[in-house]
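Commentary on secondary and tertiary structure
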Amino acid sequence: MSGPDAGGEPSPILATDREVRELMGLFDVPAFARRGQDMDFTLSSLHGRCRAHRAGMLDMVQVRLRQWSRAAVGPDDWSDVFRAPVVGLWALSLAEPPRWAASPASTRQRRGVARDLIASVERFNDRWRRHVARLDFAPINVMIDQYNVYYIIEKECVMGSARLAARAFEPVSPVSPASILVDHPLLPVPEPAGR
């Protein structure tokens, strides 16, 4: 008896199989999968940077929301200074949940806090809009364009079927300031009650 069971040399078939497996391991994943992974990673990184930068710009809005919660007794206590509730700002500005006051502040104090909150939201929106407008989307949009053009072609080369390669493929839209503002939005500006 010869082969690995007999303690001799491995059979030529087993040696070739091992060499093929080692050679295939050198090439990692197919080109279409690598292209998709690279694009997903780049988009994920862009959104992560936007989330972090936006969160860093929200500190003054969060301070003003804390001040408002110390001047109001609950989420429904707004009609004397605002035209609509402002409770939605907490989630959008990543602020800690409010700790409402035991008794409301005077109307004059509440109007001052409301003016400061409105000014902070407007400043944040202006700064965030300008930051997003300065971002350079050209490199990532080139990557998205190449993904949309070559992904199916590269997948077809591996699968041998255009129909199978196109199955479940959805082209990716280019990134723009407008699309970033959809995913990382501006804050709604509260309106004072007197308008």
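Residues numbered from 1 in each chain as written. Predicted model: local features only at pLDDT ≥ 70, side-chain atom pairs only at ≥ 80, totals over all residues. Heavy atoms only, no water.

1. Quick look at the overall build of the chain
From N to C terminus, the chain includes eight helices and zero strands. When the elements of the chain are put in sequence order from the N terminus, they spell out α-α-α-α-α-α-α-α. Relative to its full complement of 195 residues, the chain shows a buried share of 31%. Carbon and sulfur atoms make up 56% of the accessible area of the chain, which totals about 12,500 Å². (Helix = DSSP H or I, 4+ residues; strand = E, 2+ residues; numbered from the N terminus. Buried < 20%, exposed > 50% of the residue type's maximum accessible area, 1.4 Å probe, protein only. Areas by Shrake-Rupley, 256 points an atom, 1.4 Å probe, with all protein chains shown as cover.)

2. Quick notes on the nonpolar core
Of all hydrophobic cores here, the largest spans 36 residues; its most connected members are Trp 68, Phe 82 and Val 175. Taken together, the elements giving at least two residues each to this core come down to helix H2 (31–57), helix H3 (59–71), helix H4 (88–92), helix H5 (107–134) and helix H6 (138–159). Tallying contributions element by element places H5 first for this core, with eight residues. Apart from the residues within four sequence positions on either side, Val 175 is in contact with Leu 43, Leu 46, Phe 137, Ile 140, Asn 141, Ile 144 and Ile 180. (Core = buried A, V, L, I, M, F, W, Y, C linked by side-chain atoms within 4.5 Å. Contact = heavy atoms within 4.5 Å.)

3. Overview of the pattern of salt bridges
Within the structure shown, the criterion is met by five salt bridges. Between Asp 77 and Arg 110 there is a salt bridge; the shortest N-O distance is 2.9 Å. Here Asp 77 is found in the loop between H3 and H4, whereas its partner Arg 110 is found in helix H5, with 33 residues between them in sequence. Its relative accessible area of 1% is what places Arg 110 among the buried residues. (Salt bridge = Lys/Arg side-chain N within 4 Å of Asp/Glu carboxyl O.)

4. Let's talk about the packing of aromatic side chains
Summed over the entire model, instances satisfying the criterion amount to six aromatic pairs. A ring pair is formed by Tyr 147 and Phe 169, whose centres lie 5.6 Å apart and whose planes are at 40°; its orientation type is tilted. Remark: Phe 169 occurs in the loop between helix H7 (162–166) and helix H8 (177–183) and Tyr 147 occurs in helix H6; sequence separation between them is 22 residues. Accessibility assignment for this pair places Tyr 147 and Phe 169 in one class, buried. Linked through ring pairs, Phe 32, Tyr 147, Tyr 151 and Phe 169 together constitute an aromatic cluster. (Phe/Tyr/Trp six-rings, centres within 6.5 Å; stacked < 30°, edge-to-face > 60°.)

5. Some points on the packing of H3 against H5
Angle between the axes and distance between the axes are the two parameters that describe a pair of packed helices. Contact pair H3 / H5: the axes reach a minimum separation of 9 Å and the direction vectors enclose 160°. Judged by the angle between their axes, H3 and H5 are roughly antiparallel. In this structure, H3 meets H5 at a crossing whose hand is left-handed. Contact with H3, carried on its side by Met 60, Val 61, Arg 64, Leu 65, Gln 67, Trp 68 and Ala 71, involves Arg 110, Val 113, Asp 116, Leu 117, Ser 120, Val 121 and Phe 124 of H5 and no other residues of that element. Each residue belonging to the contact of H3 with H5 can be placed in one class, and the counts come to nine nonpolar, two polar and three charged. (Axes fitted to C-alpha atoms, helices over the stretch in contact; angles between N-to-C directions. Parallel < 35°, antiparallel > 145°, perpendicular 65-115°, else oblique. Left-handed = near helix turned anticlockwise from the far one by under 90°. Nonpolar A, V, L, I, M, F, W, Y, C, P; charged D, E, K, R; others polar.)

6. Let's talk about the packing of H2 against H6
The interhelical angle for the contact between H2 and H6, taken along N-to-C directions, is 155°, at an axis separation of 8 Å. Relative to H6, H2 is oriented roughly antiparallel. The crossing of H2 and H6 is left-handed. Counted together, Ala 31, Phe 32, Arg 35, Gly 36, Asp 38, Met 39, Thr 42, Leu 43 and Leu 46 of H2 and Ile 140, Met 143, Ile 144, Gln 146, Tyr 147, Tyr 150, Tyr 151, Glu 154, Lys 155 and Val 158 of H6 form the full contact between these two elements.

7. A short note on H3
Since the α-helix turns once every 3.6 residues, residues separated by three or four places project in the same direction. Its 13 residues place the ends of H3 19 Å apart at the C-alpha level, agreeing with the 18 Å of an ideal helix rising 1.5 Å per residue. Looking at the packing, one finds that the buried side of H3 touches H4 and H5. (Expected span 1.5 Å × (residues − 1).)

8. Observations regarding empty space enclosed by the protein
Under the counting rule described, the total for this entry stands at one cavity of 30 Å³ or more. Taken as a whole, the largest cavity spans an internal volume of roughly 30 Å³. Residue composition of the lining of the largest cavity, by class: seven nonpolar, one polar and one charged. (1 Å grid on protein atoms, 1.4 Å probe; cavity = no way out; pocket = protein on both sides within 12 Å on 5 of 7 lines; lining within 4 Å. Points joined across faces, edges and corners; volume = space filled by probe spheres on them.)

9. Examining a nonpolar patch on the surface
A cluster of nonpolar side chains, namely Val 149, Tyr 150 and Ile 153, defines an oily patch on the protein surface of about 260 Å² accessible area. Its location among the elements puts Ile 153 in helix H6. According to the relative accessible area criterion, Ile 153 is partly exposed, its value standing at 46%. (Patch = residues over 30% accessible without salt bridge, like charges linked within 9 Å, V, L, I, M, F, W, Y side chains within 5 Å.)

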